[in-house]
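Survey of secondary and tertiary structure
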Amino acid sequence: MSLIGRRVTVLGAGVAGLAVARALAMRGAAVTVLEQADAIREVGAGLQVSPNGAAVLRTLGLGEALEAASMRASGVVLRDGLDGAQVLRMDLARLRPGQGWHFVHRADLIALLERGAREAGVELRLLQKVEAVDLAGERPVAVTAQGGRVEADLMIGADGLHSPARIALNGKVAPFFTHQVAWRAVVPGDTSDPAEAEVHMGPGKHLVSYPLRGGQWRNIVAVEERRRWVEEGWSLRDDPMELRLAFAGFSPRVRGWLERVEDVWLWGLFRHPVAKVWHRCMPLGSLAILGDAAHPTLPFLAQGANMALEDAWSLAAALAGHDGDAAALAAWEAGRKPRCARIVEAANANARNYHLSGAKRAIGHGVLRLGGMVAPGAALKRFDWLYGHDVTA
Ligand SMILES: Cc1cc2nc3c(=O)[nH]c(=O)nc-3n(C[C@H](O)[C@H](O)[C@H](O)COP(=O)(O)OP(=O)(O)OC[C@H]3O[C@@H](n4cnc5c(N)ncnc54)[C@H](O)[C@@H]3O)c2cc1C
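Counting restarts for each chain: residues are numbered from 1 in the order of the written sequence. Where totals are concerned, whole chains, interfaces and linings use all residues; where local detail is concerned, this predicted model gives features only for residues with pLDDT of at least 70, and gives and counts side-chain atom pairs only at 80 or more. Computation of side-chain values covers all heavy atoms of the structure but excludes hydrogens and water.

1. Details of the site of the ligand
The criterion, for reference: Definition of nearness: a residue and a molecule or strand are near each other if at least one heavy atom of the residue lies within 4 Å of the molecule or strand. Each polar contact in these results corresponds to two N or O atoms within 3.5 Å; when the atoms are within protein, one needs to be able to donate a hydrogen and the other to accept it, and residues that are neighboring in sequence are counted only if both atoms are side-chain atoms. Reported accessibility uses the Shrake-Rupley method at a 1.4 Å probe radius. Residues are deemed covered only where the shown protein chains occlude them. Runs of E in the DSSP output that reach at least two residues are strands. Runs of H or I that reach at least four are helices, and both are numbered from the N terminus.
Residues in contact with the ligand amount to 29 residues; listed here are only the nearest, Glu35, Gln48, Arg106, Asp292 and Ala305. Between the ligand and the protein, one listed contact pairs a nitrogen atom with a backbone N or O atom of glycine 304 at 3.2 Å. In isolation the ligand has 1000 Å² of accessible area, and contact with the protein removes 87% of it. Mapped by element, the contributors of at least two residues to the shell around the ligand are helix H1 (15-26), strand S3 (46-49) and helix H8 (304-321).

2. What to know about the packing of aromatic side chains
The condition is simple: Aromatic contacts are taken between Phe, Tyr and Trp rings whose centres are within 6.5 Å, Trp giving its six-membered ring; a plane angle under 30 degrees counts as stacked, one over 60 as edge-to-face, and the others as tilted. A 1.4 Å probe rolled over the protein chains alone gives each residue an accessible area, and that area as a share of the maximum for its type sets the label: buried under 20%, exposed over 50%, partly exposed in between. We call a charge positioned above a ring when the Lys NZ or Arg CZ atom is no farther than 6 Å from the ring centre and deviates by at most 35 degrees from the ring normal.
One pass over the structure, following the stated rule, counts seven aromatic pairs. Note on phenylalanine 247 and phenylalanine 250: the rings are 4.9 Å apart at their centroids and 75 degrees apart in plane angle, and the pair reads as edge-to-face. Considered together, phenylalanine 247 and phenylalanine 250 belong to a single accessibility category, that of buried residues. Taken together, the ring pairs in this structure connect Trp101, Phe383 and Tyr387 into an aromatic cluster. In this structure, arginine 27 packs its charged tip against the face of tryptophan 313, placed 5.2 Å from the ring centre.

3. Notes on the sheet that holds strand S11 (residues 149-151)
Counted only if it meets this: Two strands are said to pair when DSSP picks up at least two bridges between them. Axis definition: a line fit to C-alpha positions, over the contact stretch in the case of helices; interaxial angles, taken between N-to-C directions, run 0 to 180 degrees.
Judged by pairing direction, the sheet is antiparallel, and its three strands sit side by side in the order S9-S10-S11 without closing on themselves. The open sheet has two free edges, formed respectively by strand S9 (130-134) and S11, since each of these has just one partner strand. Going across the sheet, the axis of each strand differs from the next one's by a mean of 25 degrees, ignoring polarity. The sheet contact formed by S9 and strand S10 (residues 141-144) spans four bridges and is antiparallel. Bridged to alanine 132 within S10 is valine 143.

4. With respect to the side chain of arginine 79
The condition that has to hold: Only heavy atoms matter for contacts: two residues are in contact if any of them lie within 4.5 Å across the pair.
Looking at the secondary structure, you find arginine 79 in strand S5 (residues 75-80). Under the relative-accessibility criterion, arginine 79 is labelled buried at 17%. From its side chain, arginine 79 meets the backbone oxygen of glycine 84 in a polar contact 3.0 Å long. With sequence-adjacent residues up to four places away left out, arginine 79 is seen in contact with Gly84, Ala85, Gln86, Val87, Glu198, Val199, His200 and Met201.

From the geometry alone we can't say anything about function, so treat these as descriptive.
What follows is the structure in structure tokens.
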């Protein structure tokens, strides 16, 4: 179905919202994005864009912008957190030709997506907090905090973890605390460091770090198992000393990074089920959700933004490739759900595997080391279903 002139309202100007807005506008749709913030911006932190996400950015015409804004990663290295010894290295040179793995500052990714959306003619409306999505009438209606009612023929909820669009489709489902908390920080880096993501694994905790912006900065995410509840949000500051104390038993390399931490944020990791319902077709309009609104994931596989990019491209392609929203959205949801559920489950499993202790840890690390020696490409090959998948193909 032609999307030329089709009026679409997207809720949220994050990765999913900006990407789907550009994808639809490139096919001729008239897209408006409603964003709650007073500016399009991101928190100071890094993101890994794996080949499956990079393929979407390239097809959206943003490949060069991604290359300019990011660092090409050369490897992902699992290390014993306590002594720093290498357990396994995934050599990203083994990716198929043309496939790239990128480290990018979130603000840089959002900036390139925003530019891409505006260049394609998307209208971005700021300070538009959506309180609820009303599905009682013939079309979906976004009810804003100012009391406005924005009616749409096609509404796309890209409004993240606490999505009102998801609630409209699924009701409220309480997430559960995983008894893990995470700190995030960005510290001054060393430009001579290799372009590798390092995962330092210790009993009950792990720390992931990689360079950003040519190595001038270093991104850190540190996860610890904990009984105590911590809120799920990105704005709670913590004392850097708490982070240093939690990882005091880790290798000098990790402790050296943590010495440089001046500002640190802490949040609780919650598990949300993949939404049961991703769309609804009404007499005169439709609502669909994507990205974190549909399938929030724990950060242990670095796939939330990559899935959001895949969703964005495939949703626009489905709408253009079917007659009518009902067929398009049903096919899209049926195609995406099993893949996203599998990725979310794989991220959950990583949390357990990184935090082994005692004999299980010795055996687990031993198996990984041996596997890396006997079949150095096997670890990456095992994830071919994930990184090798190109939704734009
Ligand atoms: C520590 C950590 C590390 C991560 N690392 C990676 C990684 O390396 N690679 C990766 O792929 N993913 C990673 N992720 C996941 C990734 O950040 C998210 O999955 C991704 O940002 C989801 O994009 P989104 O557009 O769906 O949601 P969001 O990025 O949350 O965007 C939602 C947008 O909607 C707006 N909004 C929300 N509510 C409303 C409302 N009511 N009204 C109007 N606007 C609204 C928000 O302001 C925001 O702009 C990580 C996550 C964490 C926590």
